[in-house]
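# Topology and contacts: notes
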Amino acid sequence: MALRNHSTITEFFLLQLSANHHIEVFLFVLFLVIYLLTIMGNLMMLLVIRADFCLHTPMYFFLSHLSFIDLCFSSVTVPKMLENLLSQKKTISVEGCLTQVFFVFITGGTELLLLCAMAYDRYAAICHPLLYGQIMSKQLYMQLVWGSWGLSFLDALINILLAMNMVFCEAQIIHHFICEMPSILPLSCSDVSRNITVLLCSTLLHGLVGFHLVFISYACIICTILSISSTSGRSKVFSTCSSHLTAVTLYYGSGVLRHLMPNSGSLMELMFSVQYSVITPMLNPLIYSLKNKEVKAAVRRTLKKYLLHIRMSWGNRTTVNKFILLGLSADPKIQALLFVLFLGIYLLLLLLVIWVDFHLHTPMYFFLSHLSFLDLCFSSTTVSKLLENLLSQTKIISVGGCLAQVFFLFDTGGTEACLLAVMAYDLYVAICHSLLYGQVMSNKLCKVWGSWSLAFLDALINILLAMNLDFCGDKPIPYYSYELPSLFPLSCSDASTNFTVMLCSTLLHELETCVLIIFSYTLIVSTILSISSSTGKSKAFSTCSSHFTIVLLFYGSAFLHYVMPNSDSPLELLFSVQYSAIMSLVNPLIYSLKNNKVKAAVKRTLRNYLQYFR
């Protein structure tokens, strides 16, 4: 019956972070990166604590729950904020708002109580080290954790049940980018005195009591530290609680500043709110991993064990040592024709990417030279084996060769995606901030090697996981080249972890780079449209037309290639050839045929070459 009172008002309007669309797109990219880092950092903490036996202590049991809470807390608030940043109508339904309030209550309250439990754990470890095992028994720390969850759930349930009885009338604007109880109380036209009383009591119970427990624990800890005579002893003892103290200061500081300020939607209030609900969940795993020697040592041990396990499993794998590749055609004449065709493409690529001209020694062409080198490597990874199989009767590839091809495909393909995003940023600076171009694009080398490094790390993680897969029986691969998605159906072991990691890395690489490219071109198009003269618009657009064409071809062919199921249909093979063979040929052609500077450089190089022979 209570929810029926909301029939007059079905949605709220959330606060707009900025009236400028360009700034909103920038904030979307920024918060998306922060959210991805939050997920990766907290998942890393959970996995390391779970995998390393040395971290199976009360302190790290609390820390694993803190990482899980941060993961949940950011997932409650950030996705809706990202959605509203890109939408024109920044609304949330009444039911959705109350749901968000409920989970904010649970996660925020649990984190507050968990920080108190961790403070008590540090007090017991420093002030009573000999009795630590007796004080922090398994029964006690389990009770502290589940008690924190239980109390927060009860607190959230009471507050949300009262909130469901509120009636909302005309005032629909929430002066915040997320739903919190203090923000929706002023919107009600019914009596909210009970809601305020219960909210105040729960805040005092959670906030002040929790703060006093943390304060008392650290007062005892500081007294114990000051009683230690040696400086090295003090420093060592303080280092054991410095990470927790930093996390407490960030959480309580930003939380107090956020909730003490009135709900007005001011810039200062939004900054504290972002710090409290978005930045803190990202910083917690960084604080505990960078400032904690035990965690860093556990990460090293986990990686060593994992690598040792891979070597052991790789050494014992004797079931399958080769795969059968799919032939493009059974007709020997067609195979010979295809051999000549792909060999021509391969040699033409080598001829087109090798030219040197002093006039092209700029950041844009520095990136283009790396793009040409990537296309050379990418085609060398796929076309060479394709040419061999076109002329051979047995179209097979060894497991080691498959994994090597997968590794280099991941490395070159991922680097190309990152490099296209960097080139889009280069064009954005050249068109939108032409006077500052020399200053902004001074660290071009770092941008290029950053792309190579990220792609190499992505390829390394995926290939290490793929080396654990077991393959039973000779099965054909429905591709002429070997790729990771075509490997999973051939495995007789569980490939769910491999699929999850590949999906995450694909989202991180492709979606993030695609968003950066869209953001850059949005600003570029806005700048071009603001130019008054038609010739100026045409000239500005011509500088980025080649790159824009390559981006469309790369992402379009990759999307069509990977969206289709793993079969041997002619259409799928066509998209696969377009993505892995034709693209490498087309890229230098686009930049040579559509770029006057490149055409002029080719003419100068040929002229110099002919004069040299004369």
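Below: a short report on this structure. Every chain's residues receive numbers from 1 upward, in the order its sequence appears when written. Side-chain atom pairs in this predicted model are given and counted only at pLDDT of 80 or more, local residue features only at pLDDT of at least 70, and totals for whole chains, interfaces and linings cover all residues. Side-chain measures were taken over the full set of non-hydrogen atoms in the model, leaving aside hydrogen atoms and water.

## Some remarks on the packing of helix H3 (residues 94-127) against helix H5 (residues 138-163)
- At a minimum axis separation of 8 Å, H3 and H5 run at an interaxial angle of 150°. With respect to each other, H3 and H5 are oriented roughly antiparallel. As H3 runs across H5, the sense of the crossing is right-handed.
- Broken down by class, the residue content of the contact of H3 with H5 amounts to 19 nonpolar, 5 polar and 1 charged. Axis geometry follows a simple rule: fit a line to the C-alpha atoms, using only the stretch in contact for helices, then measure angles between N-to-C directions, giving values from 0 to 180 degrees. Strands are runs of DSSP state E lasting at least 2 residues, helices are runs of H or I lasting at least 4, and numbering of each runs from the N terminus. With respect to orientation, any angle under 35 degrees is reported as roughly parallel, any angle over 145 as roughly antiparallel, any angle of 65 to 115 as roughly perpendicular, and every other angle as oblique. Rotating anticlockwise by less than a right angle from the far helix to the near helix defines a left-handed crossing, while the corresponding clockwise rotation defines a right-handed one. Only Asp, Glu, Lys and Arg are considered charged in this grouping, and only Ala, Val, Leu, Ile, Met, Phe, Trp, Tyr, Cys and Pro are considered nonpolar; every other residue, Gly among them, is considered polar.

## A short note on the environment of Phe-68
- By secondary structure assignment, the location of Phe-68 is in helix H2 (residues 58-86).
- Counting along the chain gives 29 residues from Phe-68 to Ile-39, while the straight-line C-alpha distance between them is 9.5 Å.
- Here, two residues are considered to be in contact whenever any of their heavy atoms come within 4.5 Å of each other. If sequence neighbours within four positions are ignored, Phe-68 has contacts with Leu-46 and Trp-149.

## So, the state of the cysteines
- What counts as a disulfide here is a pair of cysteine sulfur atoms lying within 2.5 Å. Using the criterion set out here, one finds 1 disulfide in the structure.
- Note that Cys-97 is cross-linked by a disulfide to Cys-179, the S-S spacing being 2.1 Å. Between Cys-97 and Cys-179 the sulfur-sulfur dihedral comes to about -115°; the bridge is accordingly left-handed. In this pair, Cys-97 is assigned in helix H3 and Cys-179 in the loop between strand E3 (173-174) and helix H6 (181-184), connecting sequence segments 82 residues apart.

## Some thoughts on H5
- Given a helix with a known number of residues, its expected span is that number minus one, times 1.5 Å. For H5, which comprises 26 residues, the first-to-last C-alpha distance of 37 Å matches the rise-based estimate of 38 Å (1.5 Å per residue) to within 8%.
- Here H5 has its buried residues at Tyr-141, Val-145, Ser-148, Trp-149, Ser-152, Asp-155, Ala-156, Asn-159, Ile-160, Leu-162 and Ala-163.
- Here the buried face of H5 lies against H2, H3, H6 and helix H7 (193-226). We call a residue buried when its accessible area falls under 20% of the maximum for its residue type, exposed when it is over 50%, and partly exposed in between, using a 1.4 Å probe and counting protein chains only.

## A word on a nonpolar patch on the surface
- Together, Phe-499, Leu-503, Leu-507 and Leu-511 make up an exposed nonpolar region whose accessible area comes to about 360 Å².
- Residue placement: Leu-511 occurs in helix H17 (residues 496-529). Only residues whose relative accessible area exceeds 30% and that take part in no salt bridge are eligible for patches, with like-charged residues grouped when within 9 Å of each other and nonpolar side chains (Val, Leu, Ile, Met, Phe, Trp, Tyr) grouped when within 5 Å. Areas reported as accessible are Shrake-Rupley estimates using a 1.4 Å probe. Residue values count occlusion only from the protein chains shown. Take a side-chain nitrogen of Lys or Arg and a carboxyl oxygen of Asp or Glu: if they are within 4 Å of each other, that pair is a salt bridge.

## Concerning the nonpolar core
- For the purposes of this section, nonpolar cores are sets of buried Ala, Val, Leu, Ile, Met, Phe, Trp, Tyr and Cys residues that join through side-chain atoms within 4.5 Å. Core analysis: the largest hydrophobic core is formed by 65 residues, its most contacted members being Phe-12, Phe-62, Ile-174, Met-181, Ile-184 and Tyr-252.
- Top element by residues in this core is H3. It accounts for 18 residues.
- Those residues in contact with Ile-174 that lie beyond four places of it in its chain are Phe-12, Phe-13, Leu-14, Leu-15, Cys-97, Cys-179, Ser-183, Ile-184 and Leu-187.
- The next biggest cluster of nonpolar side chains, apart from the first, holds 54 residues, and it includes Ile-34, Met-364, Leu-371 and Val-515.

None of this, on its own, says anything about what the molecule does.
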